[in-house]
Amino acid sequence: MNKKAKKSLLISLALLCTTLIMSGSMLSMNHSRKYSISADGSTSMEKVIGILGEAFELEQDEIGFTFNPTGSTAGIEAVKSGRSEIGLSSRELSMEENQVLESQVIALDGIALIVNKENPVSDLSRSDIQKIYTQKITNWKEIGGEDVPIVLIGRESGSGTRDGFEQALDLSGLCSYRQELTSSGDIRNAVYSNPGAIGYVSFISLKDDVKALKVDHADPNEKNVRENSYPISRPFLLVTSKEIPLSKPAEEFIKYVLSDNAKPYIEQAGAIYPHAD
């Protein structure tokens, strides 16, 4: 089997294993491994890190990997307290967190604004979004839509998606949400069922049951995130402690996910590889 065919097979196997794990049909392979490492953190990164973890396990037979999707802030706190060697965050670290933690970008992700498919609005400016989420604009008719009240849907406090969205638009602590939900799937469902709703989800979580809006005339896609023409994006970060040395298995895993070998898995998961070809 040539190198290209082997890599394609590994990607397919990693995707299959990740799908089974996320559906609850498969347990981690850690029980058969000599060493075990785990990571805690961002629910938005679950698919990316799941595929990378399975690919890592398929590449070698001594180290097992598991991921606990606890949320970005919880993952950061787990590393700070020493409960986890590796944290995953879909938001930037704060100045205080940066004093004791270090982060490395493993992927990029855009955050899409979504509305009900029946909503005629297709493009919002940065200023429009800021006014909507601070309730200076409260009805869709004010921005070219129907005479329908705007229902603001967002993620819960501590969510990396929420922090990424609010930071990108200078809205930190200013949003007035009608509902605060705990997953991208819940937000999609709320927007799907409410003609007046607007919410935001990771690009990875986009599906065709809702409509993703342009922002400042830029489509929400990988090309525009890379070119910085789409304004709502964030890094996917791997977080470790500056004070507690990593174990050898954790070092091996980090080395793998930061290598060029990770590129096809990151892209297959729907995220954006952070380095130019």
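Look up a bit, the structure's there.
To start, this report covers the structure provided alongside it. Numbers given for residues are sequential positions, taken from 1 along each chain in its written order. Residue-level local features of this predicted model are given only where pLDDT is at least 70; pairs of side-chain atoms are given and counted only at 80 or more, and the full residue set underlies all totals for whole chains, interfaces and linings. Think of the side-chain values as coming from all heavy atoms in the structure, minus any hydrogens and water.

What follows is about unusual backbone geometry. Phi is positive for Asp 216, which is not a glycine, with a value near 50°. Topologically, Asp 216 is positioned in the loop between β10 (214–215) and α8 (222–226). Residue Asp 216 is classed as partly exposed on the basis of its relative accessible area, which comes to 36%. Although it is not a glycine, His 217 adopts a positive phi angle of roughly 70°. In this fold, His 217 is placed in the loop between β10 and α8. Secondary structure elements are taken from DSSP: a helix is a run of H or I of four residues or more, a strand is a run of E of two residues or more, and numbering for both begins at the N terminus. Burial classification: accessible surface area is computed with a 1.4 Å probe over protein chains only, and a residue below 20% of its type maximum counts as buried, one above 50% as exposed, and the rest as partly exposed.

As a further point, take the packing of helix α2 (residues 46–59) against helix α9 (residues 248–257). Axis separation between α2 and α9 bottoms out at 10 Å; the angle between their running directions is 115°. Here α2 is positioned roughly perpendicular relative to α9, judged by the angle of their axes. Note that α2 runs across α9; the crossing there is right-handed. Two secondary-structure elements touch here, α2 through Ile 49, Leu 52, Gly 53, Ala 55, Phe 56 and Glu 59 and α9 through Glu 252, Phe 253, Tyr 256 and Val 257. To obtain an axis, a line is fitted to C-alpha atoms, over the contacting stretch when the element is a helix, and the angle between two such axes runs from 0 to 180 degrees between their N-to-C directions. By definition in this entry, angles of less than 35 degrees are roughly parallel, angles greater than 145 are roughly antiparallel, angles of 65 to 115 are roughly perpendicular, and the rest are oblique. Whether a crossing is left-handed or right-handed is set by the direction in which the near helix is turned from the far one by less than a right angle, anticlockwise for left-handed and clockwise for right-handed. Working rule for contacts: check all heavy atoms of both residues, and any pair within 4.5 Å makes them a contact.

The next subject is the pattern of salt bridges. Here, a salt bridge means any side-chain nitrogen of Lys or Arg that lies within 4 Å of a carboxyl oxygen of Asp or Glu. Considering all chains together, one arrives at 14 salt bridges under this definition. Among the salt bridges present, the one from Arg 155 reaches Glu 156, with a minimum N-O distance of 3.0 Å. Exposure remark for Arg 155: the relative accessible area of 2% places this residue in the buried category. Note on Glu 156: relative accessible area 22%, which makes it partly exposed. The partner of Arg 188 in a salt bridge is Asp 209, with the nearest N and O atoms 3.7 Å apart. Of this pair, Arg 188 sits in helix α7 (residues 184–192) while Asp 209 is found in the loop between β8 (197–202) and β9 (211–212), placing the two residues 21 residues apart along the sequence. Arg 188 gets classed as buried once you look at its relative accessible area, which sits at 10%.

With 40 residues, the main nonpolar core has Leu 113, Tyr 133, Phe 165, Ile 198 and Ile 232 as its most contacted residues. Elements supplying a minimum of two residues to this core: β4 (101–115), α5 (126–133), β6 (151–155), α6 (160–168), α7 and β8. Top contributing element to this core by residue count: β4, with five residues. Residues belong to one nonpolar core when they are buried, are Ala, Val, Leu, Ile, Met, Phe, Trp, Tyr or Cys, and are joined through side-chain atoms within 4.5 Å. Core analysis: the next-biggest nonpolar cluster, separate from the first, contains 30 residues, Ala 39, Leu 52, Ile 254 and Ala 262 among them.

This part is about the packing of aromatic side chains. Under the pairing criterion, centres of Phe, Tyr and Trp rings, with the six-membered ring standing for Trp, must be within 6.5 Å; the plane angle then separates stacked pairs below 30 degrees from edge-to-face pairs above 60, leaving the rest tilted. Enumeration over the complete set of coordinates arrives at nine aromatic pairs. Considering the side-chain rings of Phe 65 and Phe 253, the 4.3 Å spacing of their centres and the 15° angle between planes classify their relative orientation as stacked. On the criterion of sequence distance, the pair formed by Phe 65 in strand β2 (residues 63–68) and Phe 253 in helix α9 is long-range, its members being 188 residues apart. Given a relative accessible area of 6%, Phe 65 falls into the buried group. Looking at Phe 253, the relative accessible area reads 0%, which means it is buried. The interplanar angle of 55° and the centroid separation of 5.7 Å between the aromatic rings of Phe 203 and Tyr 230 together place this pair among those described as tilted. Here Phe 203 is found in the loop between β8 and β9, whereas its partner Tyr 230 is found in the loop between α8 and β11 (233–241), with 27 residues between them in sequence. The exposure class assigned to Phe 203 is buried, which follows from its relative accessible area of 13%. Note on Tyr 230: relative accessible area 2%, which makes it buried. A connected cluster of aromatic rings, assembled from ring pairs, spans Phe 56, Phe 65, Phe 253 and Tyr 256.

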